[in-house]
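Listed below, chain by chain, are the residues.
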Amino acid sequence: MLAAGLSAPTVAAIGSLADSGSTAFLDLPSTFTAVAMAQGSRILAADGSLIAAPQDQNRRTVNFSQVAPVMREAQVAIEDSRFYDHGAIDPAGLTRAVLEDLRTGEASQGASTLTQQFVKMTLQAKALSQGQTSEAQAATAKTLPRKLTDLRYAVALERSWSKDQILQGYLNLAYYGDGSYGVEAAALHYFDVHARSLTLTEAATLAGLVQSPSATDPVHHPQQAQSRRNVVLDRMHELHELTTAQWQAAVRRPLSADLRITNLPATCVASDHPYFCSFVISWLEQQPALGATTQARHDLLVHGGLTIHTTLDPSVEDTVNAALRTVAPEHNSIGVAAAAYVTEPGTGKVLAFGQDTAYGSSRPGETEVDYSVDATYGGSGGFQFGSTAKAFSLVTAMAQGLGTRASIDAPAADNQRPATFSSSQFPQPCGLSTDWMVYNDEAWGGGRMSLMTATAQSTNTAFVALASKIGVCAIHDTMTAFGIHGGDGSPLGTYPPQVVLGAQAVSPATLATAYAGLAAGGVVCAPYPVTSIEQGGKTLWSPKPSCRRVADATAVSQATRYLEYNMTHGSGILNQLSGRVSAGKTGTSDGNAQSWFVGYTPQLATAVWVGNPTRPNRRMFDVTMGGKYCHAMTGACYAAPIWRRIMDGALAGEPALPLP
């Protein structure tokens with residue numbers, strides 16, 4: 001009684017100070033700005049499924065109406081049951097706190113209203129977001145100056161915000177344990193439901209976590225979580241918010257009956273689509289529309305609560321990965337890897353890509369290097385693309401008027417005896433400085449041959465002779481226009497072996513994009529992995545396809561006839577598509593260390609690479625993989641069967657359209 005009598009004047013004075021607008025109290029700092037809450041972003045596939053949720057904090061803010069009423073009631077009941085009845089300060093609560101502090105001799109009772117708690121959490125979050133650790137600690141210090149400052153801010157806040165707005169801010173900002181910030185993220189993490197669908201026992205569990213989230217979270221401390229939940233239920237019963245029957249049923253319900261723990265794939269390692277995840281994050285961080293610097297774009301991605309809609313088709317990716325692993329199993333005995341990239345002609349949409357390796361770096365055989373894309377997006381830097389380059393010699397020849405009945409005088413050569421081309425046949429600036437020794441995979445006795453046959457047999461000496469006639473620089477210009485460049489970002493070289501026979505490292509993404517330009521009749525579209533980005537329910541950015549005509553449609557159509565002939569009479573003959581025409585070309589590097597097949601229909605273009613990623617010059621002959629023997633690592637032997645499986649699977653149910 002004595003303690004109560006001694007403390008009552010102090011309580012009354014503080015209450016009067018806060019409520020009266022006293023000059024001394026109003027002289028304290030009063031400007032209060034709610035912190036912009038960091039929210040993790042979500043990257044979604046084209047079908048709406050989650051690819052990844054890059055984040056520093058797992059938080060998703062929601063409106064007041066998006067939180068179940070029972071959750072609001074439970075939080076208020078356990079933290080500040082008179083929240084809707086008092087102002088910024090609760091005199092009854094302050095009296096109780098002072099009495100308890102006098103009884104124990106310690107400043108253990110906070111006497112904080114829910115508004116004061118929100119102020120404290122906001123100041124702490126703001127300091128942490130600015131890297132101010134000491135200020136963050138000060139925001140939670142139990143000192144009189146700190147308490148008075150919180151009170152001043154709380155008074156200012158209650159004059160400008162409604163009670164519902166304050167509670168909404170509290171529910172979005174509070175930490176609910178196990179990496180979950182805000183009620184929406186916590187509801188999804190612990191119960192796999194949205195905050196609007198929380199039940200009584202689920203809501204009571206979450207409401208109880210705020211006081212001691214690390215010690216009572218249901219994942220690591222289920223018994224403590226259930227005990228704390230029951231404290232909340234008891235309090236709701238005391239306040240007559242629950243009937244006795246409701247209270248007893250809720251207390252009897254085991255916590256385990258509610259738990260459905262789910263973890264968002266916050267990193268690409270945890271994603272079901274790790275290589276695409278890595279690519280799209282790298283791509284986003286290079287888009288000026290998302291910020292002036294790479295760091296600004298990264299911060300927006302992990303803090304900005306973005307919803308990013310991508311072009312990824314999971315069903316096509318499943319087809320890609322199944323085809324790769326069937327033909328080129330992971331950890332195969334010959335030490336090769338395989339990758340494939342699928343795009344949509346006319347838009348540049350990145351529909352899928354994959355490779356036959358596990359994503360990661362902790363176990364043997366894992367890699368985070370993405371063999372499908374350029375080094376700037378996490379790729380390897382590419383691989384020599386061999387005879388797939390010949391498609392662009394064909395486009396150049398057709399543009400110069402040679403037509404589909406053209407022939408060429410091809411010198412004799414086989415895989416042992418080369419033909420020699422002199423530097424005088426290839427003048428600078430796209431020329432040779434020494435003689436060029438050119439081999440043919442299939443023997444040719446020399447003389448005139450049709451360009452159709454040369455394409456079907458991939459006769460190197462015929463295409464080198466053609467290049468001498470139409471000009472290496474002209475072919476180089478065509479290839480550059482179609483987007484061919486080094487996998488390391490370097491320009492395509494002008495050295496004839498690079499231009500004519502693909503002796504430069506490029507990525508599957510680059511080749512698929514270029515061949516998609518053929519499928520679209522000479523219109524090349526930049527890779528296009530994101531369709532829209534939303535923030536706070538509003539569209540922040542809607543990237544559009546970026547396409548341009550780079551070649552005459554008639555010339556491209558004639559070149560396509562050659563590549564179609566290759567499918568029916570050449571290296572693609574055993575891998576024609578089911579019920580539809582297609583065009584494509586194999587490619588093999590010197591020594592057969594790298595092999596390719598790139599082909600298209602009007603709807604899809606796919607590039608497949610199979611080769612040695614760590615020993616690019618290793619000779620690959622007499623090889624067996626996936627139960628299939630080949631005399632050499634050629635594009636026709638392994639890459640083409642993968643391509644056929646991908647295209648047949650991805651085009652199933654689609655109409656069979658004529659080539660351009």
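Residues numbered from 1 in each chain as written. Predicted model: local features only at pLDDT ≥ 70, side-chain atom pairs only at ≥ 80, totals over all residues. Heavy atoms only, no water.

A. Fine view of the pattern of salt bridges. As enumerated under the stated definition, the model contains 7 salt bridges in all. We note a salt bridge from E202 to R260, for which the minimum N-O separation is 3.6 Å. With a gap of 58 residues between them, E202 in helix α10 (residues 200-209) and R260 in the loop between α13 (244-252) and α14 (274-284) connect regions that are remote in the sequence. Residue R363 is joined to E366 by a salt bridge in which the shortest nitrogen-to-oxygen separation is 3.0 Å. Here R363 falls in the exposed class, since its relative accessible area comes to 56%. (Salt bridge = Lys/Arg side-chain N within 4 Å of Asp/Glu carboxyl O. Helix = DSSP H or I, 4+ residues; strand = E, 2+ residues; numbered from the N terminus. Buried < 20%, exposed > 50% of the residue type's maximum accessible area, 1.4 Å probe, protein only.)

B. Region of interest: the environment of Q226. You can see Q226 is positioned in helix α12 (residues 222-238). Residue classification places Q226 among the partly exposed positions, given a relative accessible area of 26%. Between the C-alpha atoms of Q226 and P660, which are 434 residues apart in sequence, the distance is 66 Å. Those residues within four positions of Q226 in sequence are excluded, and the remaining contacts are R253, P254 and L255. (Contact = heavy atoms within 4.5 Å.)

C. Spotlight on the packing of aromatic side chains. Counted under the stated rule, the structure contains 20 aromatic pairs. On the basis of an interplanar angle of 80° and a centroid distance of 5.4 Å, the ring pair of F279 and F353 is categorised as edge-to-face. Of this pair, F279 sits in helix α14 while F353 sits in strand β7 (residues 350-355), and the two are 74 residues apart along the sequence. Judged by its relative accessible area of 3%, F279 falls in the buried class. An aromatic cluster of three or more residues is present, and its members are F276, F279, Y341, F353 and Y377. (Phe/Tyr/Trp six-rings, centres within 6.5 Å; stacked < 30°, edge-to-face > 60°.)

D. Spatial organisation of helix α17 (residues 390-399). In terms of burial, α17 is a largely internal element, 9 of the 10 residues being buried. Every buried residue of α17 is accounted for by K390, A391, F392, S393, L394, V395, T396, A397 and M398. Just downstream of α17 lies G401, where phi reads positive at about 95°.

E. Up close: the side chain of S41. With respect to the element layout, S41 can be found in the loop between α2 (23-26) and β1 (42-44). Classification of S41 by relative accessible area gives buried; the value is 1%. Side-chain polar atoms of S41 contact the backbone nitrogen of L306, separated by 2.9 Å. Every residue in contact with S41, bar those within four places of it in the chain, is listed here: A52, A53, P54, L300, L301, G304, G305 and L306. (Polar contact = N/O pair within 3.5 Å; in protein donor to acceptor, adjacent residues only side chain to side chain.)

F. Focus on the packing of α17 against helix α19 (residues 460-470). At a minimum axis distance of 11 Å, the contact between α17 and α19 shows a crossing angle of 40°. One finds that α17 runs oblique with respect to α19. In the packing of α17 onto α19, the handedness of the crossing is left-handed. Residues K390, S393, L394, T396 and A397 of α17 lie in contact with α19, whose contacting residues are N460, F463, L466 and I470. Class assignment of the residues belonging to the contact of α17 with α19 gives a composition of 5 nonpolar, 3 polar and 1 charged. (Axes fitted to C-alpha atoms, helices over the stretch in contact; angles between N-to-C directions. Parallel < 35°, antiparallel > 145°, perpendicular 65-115°, else oblique. Left-handed = near helix turned anticlockwise from the far one by under 90°. Nonpolar A, V, L, I, M, F, W, Y, C, P; charged D, E, K, R; others polar.)

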